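Structural overview
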Amino acid sequence: MAAPILRGVRKLLKYMDFATVPRRHRHKKKWAATEPKFPAVRLALQNFDMTYSMQFGDLWPSIRVSLLSEQKYGALVNNFAACDHVSAKLEQLNARDFVNGTISHWELEPESGQSGAPSPASWACSPNLHCFTFARGDVGRFPPARLGSLGVMDYYLMDAASLLPVLALGVQPGDIVLDLCAAPGGKTLALLQTGCCRNLAANDLSTSRTGRLQKVLHSYVPQEIKDGNQVRVTSWDGRKWGELEGDTYDRVLVDVPCTTDRHSLHEEENNIFQRSRKKERQMLPMLQVQLLAAGLLATKPGGHVVYSTCSLSQLQNEYVVQGTIELLANQYSIEVQVEDLAHFRRLFMDTFFFFPSCRVGELVIPNLMANFGPMYFCKMRRLT
């Protein structure tokens, strides 16, 4: 599989120049002891200013200041804890369940023209998820999660936009599910909260990151769930999953490594804009295509895949989706259809700001009134 994918995505790389620094900012290396330091966070901001100002135009200044400001979080209720009690405590903080409240309202008041008509299967959200957020403009913080009366943590703090790919996946009871790039574990935990996974394979190539995933499962999931072979944690090369377990899964989440835009602007540690990681950064779209292709090959015909990143980059988002679909059609005669998520955007537009001009998929953009994201996600169905 690797050879045709490598050939199929080379043309993506010629469009890339992730690390170009304007000439006026360059410096000549004279002596190692006096070489001026150029922090990775500064290099990331310069890169984003050059690329995203062109991509987003007049929207970029507001996105930029939001990315540089404090992130907003949601509290994902742990259904393995005393969830009714936990929800009541979160409501006392004046937070609301943006998932359940929105979906319940939508079911009671369907869109005009949809009254009485059954919703397409692609509209279904993964069930049983409860995530509390503060209202737009409210910069309140949730207290740290605590160990509850049932021996597991009460809730998991995460960027609430990170729950959208899991909701869009539309997991149904009895599904066999793969989380191909699972660490650090928030989305894996959310998939387990649905109560629908007959089996869940949670994979990440990095053993240190799967260690973090195991810690999340230990803190939030009862031992009997972990012992019952419902969850399988592995550290395999996700690019080879189509060869290892092809045509196996009902639903696959492919939350790929990316430039992690918000992290890259705030943290020097593990920052992909470090000079030593330039080649890795430039190769990201190729890796992302390989992972998405493997996820689609691991899916049963008729199954669904959601691709997601926490980047604003078109090269890592729409271009990867479109390039992978073209690649599978040409190299494997596999037809993949992008699902329309416009209804999804309308459903959650009171909680998040969505970019209105994505070619495929949906993109949550940071905004000071609701400083979630960035989060790109695209739902696909494998037809053949």
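Here is what the cut-offs are and how they apply
- For every chain, the first residue of the written sequence is number 1, and numbering continues from 1 along that sequence.
- With pLDDT at 70 or above as the cut-off, local features in this predicted model cover only qualifying residues; side-chain atom pairs require 80 or more to be listed or tallied, and sums for whole chains, interfaces and linings still use all residues.
- Excluded from the side-chain calculations are hydrogens and water; all other atoms, namely the structure's heavy atoms, are used.
- UniProt positions are given in the numbering used here, feature names are shortened, and annotations may be inferred rather than shown by experiment.
- Comment: elements are numbered from the N terminus, with helices defined as DSSP H or I runs of at least four residues and strands as E runs of at least two.
- The length a helix should cover is 1.5 Å for every residue beyond the first.
- Exposed residues in this analysis have more than 50% of their type's maximum accessible area, buried residues have under 20%, and partly exposed residues fall in between, with area computed by a 1.4 Å probe over protein chains only.
- Whenever Lys or Arg places a side-chain nitrogen within 4 Å of a carboxyl oxygen from Asp or Glu, that contact is recorded as a salt bridge.
- Think of a nonpolar core as a cluster: buried Ala, Val, Leu, Ile, Met, Phe, Trp, Tyr and Cys residues, connected wherever their side-chain atoms sit within 4.5 Å.
- The criterion used for residue contact is that any of the two residues' heavy atoms lie within 4.5 Å.
- Paired strands are those between which DSSP finds at least two bridges.
- Between N-to-C directions, angles cover 0 to 180 degrees, with each direction set by a line fitted to C-alpha atoms, over the stretch in contact for helices.

If you look the chain up in an unreviewed UniProt entry, it shows as 5-cytosine rRNA methyltransferase NSUN4 from Propithecus coquereli. Looking at the Subcellular location (unreviewed entry) heading of the UniProt record, one finds this comment for the chain: "Mitochondrion". As recorded by UniProt, the Sequence similarities (unreviewed entry) comment attached to the chain reads in full: "Belongs to the class I-like SAM-binding methyltransferase superfamily. RsmB/NOP family."

A look at helix α13 (residues 284-298)
Compared with the 21 Å implied by 1.5 Å per residue over 15 residues, the 21 Å span of α13 between its first and last C-alpha is a close match. Along α13, 14 of the 15 residues are buried, which leaves the element largely enclosed by surrounding structure.

What about the pattern of salt bridges?
The tally for this structure, following the rule as stated, stands at twelve salt bridges. Across the salt bridge formed by Arg 141 and Glu 70, the nearest N and O atoms sit 2.9 Å from each other. Of the two residues, Arg 141 sits in the loop between β3 (131-133) and β4 (155-158) while Glu 70 sits in the loop between α3 (60-67) and β1 (74-77), which places them 71 residues apart along the sequence. The exposure class assigned to Glu 70 is exposed, which follows from its relative accessible area of 52%. Across the pair Arg 209 and Asp 204 runs a salt bridge, and its minimum N-O distance is 3.5 Å.

A few points about unusual backbone geometry
Look at the link from Ala 183 to Pro 184: it is a cis peptide, with omega at 5°. Following the sequence through the fold, Pro 184 ends up in the loop between β5 (175-179) and α7 (186-193). In this structure, Asp 247 takes a positive phi of about 55° despite not being glycine. A positive phi angle is found at Ser 333, which is not glycine, with a value near 55°. Along the chain, the position of Ser 333 falls in the loop between α14 (318-332) and β10 (336-338).

Focus: the nonpolar core
Core analysis: the largest hydrophobic core is formed by 51 residues, its most contacted members being Phe 56, Val 254, Leu 292, Tyr 307, Leu 312, Val 321 and Met 380. Elements with a minimum of two residues in this core: α2 (40-56), α3, β5, β8 (249-255), α13, β9 (299-309), α14 and β12 (375-382). Sort the elements by how many residues they give to this core and α13 lands first, with nine residues. For Phe 56, the contacting residues outside a window of four places in its chain are Ile 63, Leu 312, Phe 355, Leu 363 and Ile 365. Ranked by size, the runner-up nonpolar core spans 49 residues in total, among them Ile 103, Ala 160, Leu 167 and Val 231.

Some remarks on the environment of Asp 350
Within the secondary structure layout, Asp 350 lies in the loop between α15 (342-347) and β11 (362-364). Accessibility expressed as a relative area gives 62% for Asp 350, which makes it exposed.

With respect to the sheet that holds β4
The strand order β2-β3-β1-β4 describes an open sheet built from four strands, whose pairing is antiparallel. Both edges of this open sheet fall to β2 (96-97) and β4, since each of them pairs with a single strand only. Relative to β3, β1 is paired through two bridges, and the arrangement is antiparallel. The residue of β3 that forms the bridge with Ala 75 is Phe 132. In this fold helix α4 (residues 83-92) packs onto β1, β3 and β4, with an angle of close to 160° to the strand it touches most, β1.

Considerations on the UniProt feature "active site" (unreviewed entry) in the chain
When the UniProt feature table is mapped onto this chain, "active site" (unreviewed entry) is found at Cys 310. Relative to the elements of secondary structure, Cys 310 occurs in the loop between β9 and α14. Beyond its immediate chain neighbours, meaning those up to four positions away, Cys 310 contacts Cys 258, Thr 260, Asp 261, Pro 374 and Met 375.

Observations regarding the pairing of β8
Most of β8 is tucked away: seven of the seven residues are buried. As paired elements, β5 and β8 share three bridges and run parallel to each other. Across the sheet, the residue bridging to Val 177 is Arg 251, located in β8. Relative to β9, β8 runs parallel, the two being bridged by six bridges. Counterpart to Tyr 249 in the pairing with β9 is Thr 299.

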